[in-house]
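# Coordinate analysis (summary)
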Amino acid sequence: MSELQFKFLNNINVPADLKKLEVQDLRAVANEVREFLIDVVSKTGGHFGAGLGAVELAVALHYVFNTPEDKLVWDTGHQAYPHKILTGRKDKMYTIRQLNGLSGFLKMSESEYDAFGAGHANTAISAALGIATARDFAGKNFKVVAIVGDGSMTGGMAYEAMNNAGHLRKNLIVILNDNQKVSLSSKEPKLWSFHDYFSEALTHPTYNKFKANVWELTGKLDTFGDRLRAVAQRVERGVKAVVTPGMLFEALGFRYFGPFNGHNVVKLVEILRHVKDLPGPILIHAITEKGKGYAPAEAEITGMHAANPFDKITGKALKNSDEPPAYTTIFGKALVEICKQNPKVVGITAAMPDGTGLIHLHHEMPERFFDVGIAEQHAVTFAAGMATEGYIPVCAIYSTFLQRAFDQVAHDCALQHLHVVFVLDRGGLVGADGPTHHGTLDLSYLRCIQGMVVMAPKDEQELRDMLFTAVEYKKGPIALRYPRGNALGVAVRAGFAKIPIGKAETVRTGREVALLAIGNMVPHALQAAELLSAEGIEAEVVNMRFVKPLDEELLLSIGKKFSNIVTIEDNVVDGGFGSAVLEAFQRHRMNDVHFLVHGLSNDFVEHGAPHELYKLVQLDPAGIARVAKKFLDVSRGSDVIALKAV
């Protein structure tokens, strides 16, 4: 709970309280919201910079619109902490991203003010258009506003939605929150081609000179450029369309207003009041500053995008520096080593160079690094195109975000047997970001693709060797996934070694039960075996390494040695690693085995610290030992021996 006292914010619990104030008071309200937000995130951690930049937008929107009847659809949720503060959740903000606390993203079940849940980018305009269309079917008259960060404008889905909105002519308002930081890169956060155009539009000294530049730009865009020119000539005040970014949006069927100072809350209120009742799709372009009002966040755009708890005065993280390096860092540095050995290897990411570790490649070998923006589908097919020319693209994308490019992985890579390496960061339960970011489907959605190789390392040394193995593999797409967080601290040798495709290893011998584990569940299984040993139960632990292809030779020997087998994975059990093992046993008609598939159930796992979540789903060492012991007790009391999943 906050000990801070505010003149206005202490009395604002819902937007109706905000509307009681004079418009001139909103500047003070915005300052108080920003101070409160800094205090909260310094204690809890969480997404930070984008929210600081969206304070005035949130205040103005809730002041002008009749929420929750009017619908605000926020893209991703990174920018929505001020929205949460103003909509009845202020007193719970100190629980954000904690077990049983507030979500760090938008969540319909959390608040009636969250019109649409969001964790991935590019979704707001599509969802808002769907809501507006349903509104018109129902004969209702509420307003719909999508608030979209400029980073989301690097993804094709935003333009698909705008194109459709322009065609349908629905009454819809889009706020473009443009902080000119479209990639989470500490080296190069600006990568949207239109940003260069925007910047020129806002700063060019003379109309004629700028007009020539625009005409040169559109001349390079072929048919679309011709359309832009035609629109520029006929829209209201054609000069405005030529010398501002509005030309692009007008061509897509939107009426464009802006750009405006997104931190002038009084002006924002005036603009919103002016456009709220105008017909057709409207776009308001607001220029904001990421990290606004907090010097450390303004200086560290990427580092303060999502912050760990920090000292509020200095902005320095409160973190133990003696921890082992993160898996992300292990991967990023290993890729640099491999790129120096092999001139055909390149790295590709979707606006997450720091988050995936590719920032190391960007610093050391920038010509071999590609950041395509928040456009995972494009990233995969772009990689496939490079692979056709003999290059080896390493696509580093979060597990949950690669879901968005499933068709491209299957159709553009696997179907054509193209050698693209997929490195999935954040495999398993990621913690505080919750269900939108948990990587709990990847073993299932990758395993079902024909010709795909899928593997997961047990530690940092195996991660390095698997990356090398994947790069050297030539037969088609290959994927490896690893968890978020720090590695185990095992000794890492120099150089790399190939791992035979589809070969597992026994890491502990036993006689009563076999624990078959994949990825970061191997260390958990080893610790569980120690706990079982203390109770007189000797478990064999196998590091399976590969989900596809499986080491069926080893599986057959295990099936002959053990009548009780447990598979362990931090993936949904439907179609995952355990299912693969069951299918292998069925193919070989090994029906004299008791079998338990232990993993994640059909329920979404909420947010919390990783160790809390693994304990909650019994995938921590103690939970695995408890589940295995109960399974053995049931098995020993059964008169029927059958192949089954419990």
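None of these values were measured; they are calculated from a predicted model. (Residues numbered from 1 in each chain as written. Predicted model: local features only at pLDDT ≥ 70, side-chain atom pairs only at ≥ 80, totals over all residues. Heavy atoms only, no water.)

### So, the overall build of the protein
Broken down by element type, the protein carries 27 helices and 19 strands. Buried residues in the protein amount to 60% of all 646 residues. Excluding contacts between residues fewer than 6 apart, the proportion of contacts in the protein whose partners are at least 24 apart in sequence is 76%. As displayed, the protein offers around 25800 Å² of accessible surface, 52% of which is attributable to carbon and sulfur atoms. (Helix = DSSP H or I, 4+ residues; strand = E, 2+ residues; numbered from the N terminus. Buried < 20%, exposed > 50% of the residue type's maximum accessible area, 1.4 Å probe, protein only. Contact = heavy atoms within 4.5 Å. Areas by Shrake-Rupley, 256 points an atom, 1.4 Å probe, with all protein chains shown as cover.)

### A word on the sheet that holds strand E18 (residues 564-572)
Hydrogen bonds between backbone atoms are what pair the strands of a sheet, whose relative direction is either parallel or antiparallel. The strand order across the open sheet built from five strands is E14-E16-E15-E18-E19, with neighbouring strands paired in mixed fashion. In the strand order of this sheet, the two ends are held by strand E14 (505-508) and strand E19 (594-600), each with one partner. In this sheet, adjacent strand axes meet at a mean angle of 25° when their direction is disregarded. Of the pairings in the sheet, the one linking E18 to E19 comprises six bridges and is parallel in character. (Pairing = 2+ DSSP bridges. Axes fitted to C-alpha atoms, helices over the stretch in contact; angles between N-to-C directions.)

### With respect to the pairing of strand E13 (residues 478-481)
Burial of the side chains of E13 extends over both faces: Ile478 and Leu480 are buried on one face and Ala479 and Arg481 on the other. Direction of pairing for strand E11 (residues 421-425) relative to E13: parallel, over a ladder of four bridges. Across the sheet, residue Val423 finds its bridge partner in E13, namely Leu480. Note: strand E12 (residues 453-455) against E13, three bridges, orientation parallel. When the sheet's bridge partners are listed, Val453 is paired in E13 with Ile478. Regarding topology, helix H22 (residues 460-472) serves as the crossover connection from E12 to the parallel E13, and that connection is right-handed. (Right-handed = clockwise from strand over helix to strand, strands pointing away.)

### Things to note about a nonpolar patch on the surface
Taken together, Leu488, Val490 and Val492 make up a surface patch of nonpolar side chains, about 210 Å² in accessible area. With respect to the helices and strands, the residue Leu488 is situated in the loop between E13 and E14. (Patch = residues over 30% accessible without salt bridge, like charges linked within 9 Å, V, L, I, M, F, W, Y side chains within 5 Å. Salt bridge = Lys/Arg side-chain N within 4 Å of Asp/Glu carboxyl O.)

### Focus: the packing of helix H23 (residues 521-534) against helix H27 (residues 621-636)
Two elements in contact, H23 and H27, have axes separated by 8 Å at closest approach and are oriented at 60°. Judged by the angle between their axes, H23 and H27 are oblique. For the crossing formed where H23 meets H27, the hand is right-handed. From H23, His524, Ala525, Gln527, Ala528, Leu531 and Leu532 reach across to H27, where they touch Pro621, Ala622, Ile624, Ala625, Ala628 and Lys629. (Parallel < 35°, antiparallel > 145°, perpendicular 65-115°, else oblique. Left-handed = near helix turned anticlockwise from the far one by under 90°.)

### Side note on the sheet that holds strand E9 (residues 369-371)
Spatially, E9-E8-E10-E11-E13-E12-E17 is the arrangement adopted by the seven strands of the open sheet, whose pairing is mixed. Because the sheet does not close on itself, it has two edges, and the strands there are E9 and strand E17 (546-548). Mean inter-strand twist for the sheet, computed between neighbouring axes without regard to direction, equals 20°. Where strand E8 (residues 345-349) and E9 come together, three bridges link them in parallel fashion. Residue pairing in the sheet places Thr349 in a bridge with Asp371 of E9. The sheet strands contacting helix H15 (residues 327-341) are E8, strand E10 (392-398) and E11, and the helix crosses E8 at an angle near 145°. Sheet strands in contact with helix H18 (residues 376-387) are E8, E9, E10 and E11, and its direction is about 165° off that of E10.

The values are spatial; any link to function lies outside them.
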